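Residues per chain are reported as follows:
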Amino acid sequence: MSKIPVYFMPGMAASPTIFERIQLPESTFEIHLLEWEIPSPGETLSQYAQRIAAKIEHPNPILVGVSFGGILVQEMKPFVAPQKVIIISSVKSNTEFPRRFKIAKTTKAYKLIPTRLFENVETLVKFSFGSSIVKQRLVLYEKFLAVRNKQYLDWAIEQIINWERKAIDPEIIHIHGDADEVFPPQYIKNFIPVKGGTHIMILSKYKWLNENLPKIMLDNKA
(Lines give C-alpha, C1' and ligand atoms only; values in the text may rest on other atoms or scores of the structure.)
Protein backbone atom coordinates (compact mmCIF):
# COMPACT_ATOMS: atom_id res chain seq x y z
CA MET A 1 0.00 0.00 0.00
CA SER A 2 1.37 3.41 -0.93
CA LYS A 3 1.99 5.95 1.79
CA ILE A 4 -0.41 8.83 2.45
CA PRO A 5 1.16 12.17 1.46
CA VAL A 6 0.76 14.84 4.14
CA TYR A 7 1.61 18.46 3.33
CA PHE A 8 2.25 20.83 6.25
CA MET A 9 1.91 24.64 5.96
CA PRO A 10 3.42 26.73 8.80
CA GLY A 11 1.91 29.80 10.41
CA MET A 12 2.51 33.42 9.46
CA ALA A 13 6.22 34.22 8.99
CA ALA A 14 7.19 30.75 10.20
CA SER A 15 9.53 28.36 8.44
CA PRO A 16 8.84 24.63 7.99
CA THR A 17 11.21 23.94 10.91
CA ILE A 18 8.19 24.60 13.13
CA PHE A 19 7.18 21.01 12.34
CA GLU A 20 10.49 19.46 13.37
CA ARG A 21 8.92 17.78 16.42
CA ILE A 22 6.02 16.29 14.49
CA GLN A 23 6.47 12.60 13.78
CA LEU A 24 4.04 10.38 11.90
CA PRO A 25 4.43 6.62 11.37
CA GLU A 26 6.75 6.32 8.39
CA SER A 27 5.11 3.10 7.29
CA THR A 28 1.83 4.96 6.67
CA PHE A 29 2.59 8.63 6.02
CA GLU A 30 4.98 10.64 3.88
CA ILE A 31 5.61 14.16 5.19
CA HIS A 32 6.13 17.12 2.84
CA LEU A 33 6.80 20.64 4.08
CA LEU A 34 5.50 23.74 2.32
CA GLU A 35 6.89 27.21 2.90
CA TRP A 36 5.90 30.81 2.42
CA GLU A 37 6.92 32.71 -0.69
CA ILE A 38 6.96 36.46 -1.19
CA PRO A 39 3.59 37.49 -2.67
CA SER A 40 3.41 39.33 -5.95
CA PRO A 41 2.10 42.92 -5.89
CA GLY A 42 -1.70 42.84 -5.75
CA GLU A 43 -1.84 39.05 -5.43
CA THR A 44 -5.06 37.88 -3.83
CA LEU A 45 -5.18 35.13 -1.21
CA SER A 46 -6.90 32.82 -3.70
CA GLN A 47 -4.24 33.48 -6.35
CA TYR A 48 -1.51 32.87 -3.80
CA ALA A 49 -3.22 29.65 -2.67
CA GLN A 50 -3.32 28.43 -6.26
CA ARG A 51 0.40 29.17 -6.63
CA ILE A 52 1.32 27.22 -3.50
CA ALA A 53 -1.08 24.42 -4.45
CA ALA A 54 0.86 23.96 -7.69
CA LYS A 55 3.79 22.72 -5.59
CA ILE A 56 1.81 19.69 -4.40
CA GLU A 57 2.98 16.67 -6.34
CA HIS A 58 0.56 13.99 -5.10
CA PRO A 59 -3.14 13.43 -5.78
CA ASN A 60 -5.55 13.59 -2.84
CA PRO A 61 -3.07 14.50 -0.11
CA ILE A 62 -3.84 15.50 3.45
CA LEU A 63 -3.29 19.21 4.05
CA VAL A 64 -2.34 20.46 7.52
CA GLY A 65 -2.08 24.17 8.23
CA VAL A 66 -1.18 26.09 11.38
CA SER A 67 -2.66 29.53 12.18
CA PHE A 68 -2.50 31.62 8.96
CA GLY A 69 -1.30 28.43 7.27
CA GLY A 70 -4.64 26.94 8.32
CA ILE A 71 -6.44 29.72 6.48
CA LEU A 72 -4.24 29.17 3.44
CA VAL A 73 -4.81 25.41 3.20
CA GLN A 74 -8.56 26.04 3.24
CA GLU A 75 -8.09 28.39 0.27
CA MET A 76 -5.90 25.74 -1.42
CA LYS A 77 -8.58 23.07 -1.11
CA PRO A 78 -10.37 23.78 -4.45
CA PHE A 79 -7.07 23.52 -6.32
CA VAL A 80 -5.86 20.30 -4.68
CA ALA A 81 -8.86 17.99 -4.00
CA PRO A 82 -7.37 16.77 -0.72
CA GLN A 83 -8.71 13.75 1.15
CA LYS A 84 -8.60 15.79 4.36
CA VAL A 85 -7.85 19.34 5.48
CA ILE A 86 -6.73 19.72 9.09
CA ILE A 87 -6.18 23.11 10.69
CA ILE A 88 -4.37 23.70 13.99
CA SER A 89 -4.55 26.88 16.09
CA SER A 90 -6.52 28.58 13.33
CA VAL A 91 -10.08 29.56 12.32
CA LYS A 92 -12.61 28.15 9.84
CA SER A 93 -14.16 31.49 8.85
CA ASN A 94 -14.06 35.16 9.77
CA THR A 95 -17.00 34.53 12.11
CA GLU A 96 -14.48 32.87 14.47
CA PHE A 97 -12.23 35.92 14.65
CA PRO A 98 -11.94 37.64 18.02
CA ARG A 99 -13.47 41.09 18.37
CA ARG A 100 -10.14 42.89 17.96
CA PHE A 101 -9.73 41.43 14.47
CA LYS A 102 -13.15 42.74 13.46
CA ILE A 103 -12.36 46.17 14.86
CA ALA A 104 -9.05 46.19 12.98
CA LYS A 105 -10.92 45.44 9.75
CA THR A 106 -13.54 48.13 10.29
CA THR A 107 -11.04 50.82 11.31
CA LYS A 108 -8.27 49.59 8.98
CA ALA A 109 -5.98 49.85 12.00
CA TYR A 110 -3.95 46.92 10.66
CA LYS A 111 -2.51 49.30 8.07
CA LEU A 112 -0.81 51.17 10.92
CA ILE A 113 1.13 48.12 12.14
CA PRO A 114 4.82 49.03 11.75
CA THR A 115 5.95 45.75 10.18
CA ARG A 116 9.48 47.11 9.82
CA LEU A 117 9.71 46.63 13.59
CA PHE A 118 9.34 42.89 13.04
CA GLU A 119 13.01 42.82 12.15
CA ASN A 120 13.24 42.82 15.95
CA VAL A 121 12.57 39.15 16.63
CA GLU A 122 10.96 39.80 20.03
CA THR A 123 8.28 41.98 18.40
CA LEU A 124 7.60 39.41 15.69
CA VAL A 125 7.50 36.50 18.15
CA LYS A 126 4.95 38.24 20.35
CA PHE A 127 2.83 39.23 17.34
CA SER A 128 2.89 35.72 15.83
CA PHE A 129 2.76 33.52 18.91
CA GLY A 130 1.09 35.74 21.50
CA SER A 131 2.32 38.06 24.23
CA SER A 132 2.80 35.32 26.83
CA ILE A 133 6.14 34.25 25.33
CA VAL A 134 8.91 34.56 27.88
CA LYS A 135 12.27 36.06 27.03
CA GLN A 136 14.13 32.82 27.71
CA ARG A 137 12.36 31.24 24.76
CA LEU A 138 13.02 34.02 22.26
CA VAL A 139 16.19 32.38 20.96
CA LEU A 140 14.28 29.13 20.48
CA TYR A 141 11.46 30.78 18.56
CA GLU A 142 13.71 33.04 16.52
CA LYS A 143 14.76 30.13 14.32
CA PHE A 144 11.13 29.32 13.53
CA LEU A 145 10.23 32.83 12.30
CA ALA A 146 12.30 33.05 9.16
CA VAL A 147 10.10 35.22 6.91
CA ARG A 148 10.66 38.83 7.97
CA ASN A 149 10.19 40.44 4.57
CA LYS A 150 8.08 43.60 4.94
CA GLN A 151 6.18 42.99 1.69
CA TYR A 152 5.18 39.52 2.88
CA LEU A 153 4.23 40.67 6.40
CA ASP A 154 2.11 43.59 5.16
CA TRP A 155 0.36 41.25 2.74
CA ALA A 156 -0.15 38.45 5.29
CA ILE A 157 -1.68 40.73 7.93
CA GLU A 158 -4.03 42.27 5.37
CA GLN A 159 -5.13 38.83 4.09
CA ILE A 160 -5.86 37.57 7.59
CA ILE A 161 -7.85 40.61 8.73
CA ASN A 162 -9.79 40.83 5.47
CA TRP A 163 -10.43 37.11 4.98
CA GLU A 164 -13.85 36.98 3.34
CA ARG A 165 -14.93 33.45 4.22
CA LYS A 166 -18.15 33.52 6.24
CA ALA A 167 -19.51 30.01 5.68
CA ILE A 168 -17.69 27.24 7.53
CA ASP A 169 -16.73 24.22 5.44
CA PRO A 170 -18.05 21.23 7.45
CA GLU A 171 -15.29 19.01 6.05
CA ILE A 172 -12.54 20.98 7.79
CA ILE A 173 -11.05 19.19 10.81
CA HIS A 174 -10.09 21.74 13.47
CA ILE A 175 -7.65 21.09 16.33
CA HIS A 176 -7.48 23.95 18.81
CA GLY A 177 -5.95 24.65 22.19
CA ASP A 178 -8.26 25.62 25.04
CA ALA A 179 -5.73 28.31 26.05
CA ASP A 180 -5.12 29.84 22.60
CA GLU A 181 -4.66 33.59 23.15
CA VAL A 182 -4.55 34.64 19.49
CA PHE A 183 -7.77 32.87 18.47
CA PRO A 184 -9.61 32.46 21.81
CA PRO A 185 -11.63 29.22 21.88
CA GLN A 186 -14.83 30.93 23.02
CA TYR A 187 -15.21 32.23 19.46
CA ILE A 188 -14.56 28.82 17.88
CA LYS A 189 -17.13 26.12 17.08
CA ASN A 190 -16.75 22.39 16.49
CA PHE A 191 -13.11 21.73 17.22
CA ILE A 192 -11.02 18.99 18.78
CA PRO A 193 -9.78 20.55 22.04
CA VAL A 194 -6.25 20.23 23.37
CA LYS A 195 -6.05 20.84 27.11
CA GLY A 196 -3.55 23.58 27.92
CA GLY A 197 -2.83 24.17 24.25
CA THR A 198 -1.76 27.73 23.41
CA HIS A 199 -1.23 29.29 19.99
CA ILE A 200 2.20 27.65 19.84
CA MET A 201 1.01 24.16 20.63
CA ILE A 202 2.57 22.86 17.40
CA LEU A 203 5.74 23.17 19.51
CA SER A 204 4.51 22.77 23.08
CA LYS A 205 1.94 19.98 22.55
CA TYR A 206 3.81 17.98 19.93
CA LYS A 207 3.45 14.77 21.99
CA TRP A 208 -0.35 15.08 21.90
CA LEU A 209 -0.24 15.79 18.17
CA ASN A 210 2.13 12.90 17.44
CA GLU A 211 -0.19 10.56 19.30
CA ASN A 212 -3.48 11.83 17.90
CA LEU A 213 -2.79 13.14 14.38
CA PRO A 214 -2.38 9.67 12.83
CA LYS A 215 -5.73 8.56 14.28
CA ILE A 216 -7.43 11.74 13.08
CA MET A 217 -5.91 11.38 9.61
CA LEU A 218 -7.01 7.76 9.28
CA ASP A 219 -10.49 8.18 10.75
CA ASN A 220 -12.95 8.01 7.88
CA LYS A 221 -15.59 9.54 10.07
CA ALA A 222 -13.47 12.64 10.88
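A. Quick peek at the layout of surface pockets. Reported here for the second largest pocket is a volume of approximately 180 Å³. Lining of the second largest pocket is provided by G42, E43, T44, L45, E75, W155, E158, Q159, N162, W163, E164 and R165. Tallying contributions element by element places helix 6 (residues 150–161) first for the lining of the second largest pocket, with three residues. For the lining of the second largest pocket, a count of residues per class yields three nonpolar, four polar and five charged.

B. Molecular detail of the pattern of salt bridges. Scanning all chains against the criterion turns up eight salt bridges. Among the ionic pairs, D169 bridges to K77, the shortest N-O distance being 2.5 Å. Of this pair, D169 sits in the loop between helix 6 and strand 5 (173–177) while K77 sits in helix 2 (residues 68–80); the two residues are 92 residues apart in sequence, bridging distant segments of the chain. Two residues, D154 and K150, come together in a salt bridge whose shortest N-O distance is 2.5 Å. Linking D154 with K150, this pair stays in helix 6, spanning four residues, or about one helical turn. Residue classification places K150 among the partly exposed residues on the basis of a relative accessible area of 31%. Here the residues in one salt-bridge network are E37, E43, R51 and K55, joined through shared partners.

C. Layout of the sheet that holds strand 5. Taken in spatial order, the six strands make up an open sheet running 2-1-3-4-5-6, and their pairing is parallel. This sheet does not close on itself; its edge strands, each paired only once, are strand 2 (29–33) and strand 6 (192–194). Strand-to-strand, the axes of this sheet are offset by a mean angle of 20 degrees, without reference to chain direction. Of the strand pairs in this sheet, strand 1 (residues 4–9) and strand 2 are connected by five bridges, and their pairing is parallel. Opposite F8, over in strand 2, you have L33 as the bridge partner. Along the sheet, helix 2 contacts strand 1, strand 3 (62–66) and strand 4 (84–88); its crossing angle with strand 3, the most-contacted strand, is approximately 155 degrees.

Basis of the calculations
Residues numbered from 1 in each chain as written. Predicted model: local features only at pLDDT ≥ 70, side-chain atom pairs only at ≥ 80, totals over all residues. Heavy atoms only, no water. 1 Å grid on protein atoms, 1.4 Å probe; cavity = no way out; pocket = protein on both sides within 12 Å on 5 of 7 lines; lining within 4 Å. Points joined across faces, edges and corners; volume = space filled by probe spheres on them. Helix = DSSP H or I, 4+ residues; strand = E, 2+ residues; numbered from the N terminus. Nonpolar A, V, L, I, M, F, W, Y, C, P; charged D, E, K, R; others polar. Salt bridge = Lys/Arg side-chain N within 4 Å of Asp/Glu carboxyl O. Buried < 20%, exposed > 50% of the residue type's maximum accessible area, 1.4 Å probe, protein only. Pairing = 2+ DSSP bridges. Axes fitted to C-alpha atoms, helices over the stretch in contact; angles between N-to-C directions. Contact = heavy atoms within 4.5 Å.

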